[in-house]
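Here is how the chains run, residue by residue.
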Amino acid sequence: MDVSIVVPLYNEEENIPALYERVIEALAAHLFTWELILVDDGSGDHSCLILKDIAARDSRVKVIRFRRNFGQTAAMAAGFDAATGEVVIPMDGDLQNDPADIPALLAKIYEGYDVVSGWRKDRKDTFVNRKLPSIIANGLISRLTGVHLHDYGCTLKAYRREVLDGINLYGEMHRFVPALASQVGAKVTEIPVRHHPRMFGTSKYGISRTVRVVLDLMTVKFLLAYSTKPIQLFGRWGIYTFLAGIVSGLLTLYFKFFEHINMNRNPLLILTAFLLFMGVQFIVLGLLGELNARTYYEAQGKPIYVVRERFNFDDGSGAA
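J.: I tried to follow the environment of leucine 140 on my own but got confused; where do I start?
T.: Positionally, leucine 140 belongs in helix 5 (residues 127–145). Leucine 140 gets classed as partly exposed once you look at its relative accessible area, which sits at 34%. Taking C-alpha positions, leucine 140 is 8.8 Å from leucine 217, a pair spaced 77 residues apart along the chain.

Encoded structure:
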């Protein structure tokens, strides 16, 4: 299989038929083989029935249905795990991403890039609660990860299969895959893609997601810089804090012997005890992090999703 297109879906019954038709139309003139993996993330509408009908008519369409809503990252991870294509292309199921951009992403991949990220240059969203938080988040992510992209939040991207094999997704991590891929030497680029206003249904994104993205960004920064050497982060702060405690203690002694201020009347004594204690705590935390890092890299990964049924898979699971 040349290309796997992965689409997470949650209550998109009105968009699914048009999405399928647009994918067919966009890829009809091309010779590469492809599959369309549609992941129903616990939809409460009639999405499942529509997906089953499409899968029954087209063997290139594969359907994964979750038992409940696990979130976009888990749905994307399930699609990545099931994909058999040499190139994997995720996209949103709300028709705001345009399948007609898929050939352009593939052309860039074939130029030698490992990751091609879509950039919604002319984004059709509201400014205050969608564009502005996105601009701030993209700038922050680019600065902290060192991988400079205009639009980390655009789902429409293209990945070489081998890039995804070593990446496990949790939380809201799907948007950070380009940064995580660059950690292992992947060649990353970005191209402008079309963006359409939502025609049906309601958006599943809101400004509240910004908080979750910031928290996940902290995790990504740690993974990129210190995942295999946490003592370098916590130990460094432990040493700085411990040294500050020593300086505070020396000042306490100075005021005691030269300024005749009793230590029990000097707040620096409490600060000294606090800093020395925190310094030891940071170093111990770094050592515990070293143990956990080794456990993490040696242990088996636990799945973050539970599949109810699968269709059109060769392993015999689900309906054919």
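J.: Even after reading the chapter, I still don't get the pairing of strand 2 (residues 34–40), so can you show me in this structure?
T.: Among the seven residues of strand 2, seven are classified as buried, and the element is accordingly described as predominantly covered. When strand 1 (residues 3–9) meets strand 2, the two strands line up parallel, connected through seven bridges. Its bridge partner being in strand 2, proline 8 is matched across the sheet by valine 39. Chirality of the crossover, the property in question, places the unit of strand 1, helix 1 (residues 16–27) and strand 2 among those that are right-handed.

J.: Explain the packing of aromatic side chains here, please?
T.: Each aromatic ring pair is characterised by the separation of its centres together with the angle its planes make. A complete count under the given rule lists six aromatic pairs for this structure. Seen from their ring centres, phenylalanine 66 and phenylalanine 70 are 5.4 Å apart, and the 90° between their planes marks the pair as edge-to-face. Considering the side-chain rings of tyrosine 254 and phenylalanine 255, the 5.6 Å spacing of their centres and the 70° angle between planes classify their relative orientation as edge-to-face. You can call phenylalanine 255 partly exposed: its relative accessible area is 26%. The cationic tip of lysine 187 hangs over the ring face of tyrosine 113; the distance from NZ or CZ to the ring centre is 4.8 Å. Across from the ring centre of phenylalanine 313, 4.0 Å away, lies the NZ or CZ of arginine 310, which sits over that ring.

What counts, and where the lines are drawn
- Residues numbered from 1 in each chain as written.
- Predicted model: local features only at pLDDT ≥ 70, side-chain atom pairs only at ≥ 80, totals over all residues.
- Heavy atoms only, no water.
- Helix = DSSP H or I, 4+ residues; strand = E, 2+ residues; numbered from the N terminus.
- Buried < 20%, exposed > 50% of the residue type's maximum accessible area, 1.4 Å probe, protein only.
- Pairing = 2+ DSSP bridges.
- Right-handed = clockwise from strand over helix to strand, strands pointing away.
- Phe/Tyr/Trp six-rings, centres within 6.5 Å; stacked < 30°, edge-to-face > 60°.
- Lys NZ or Arg CZ within 6 Å of the ring centre and 35° of its normal.

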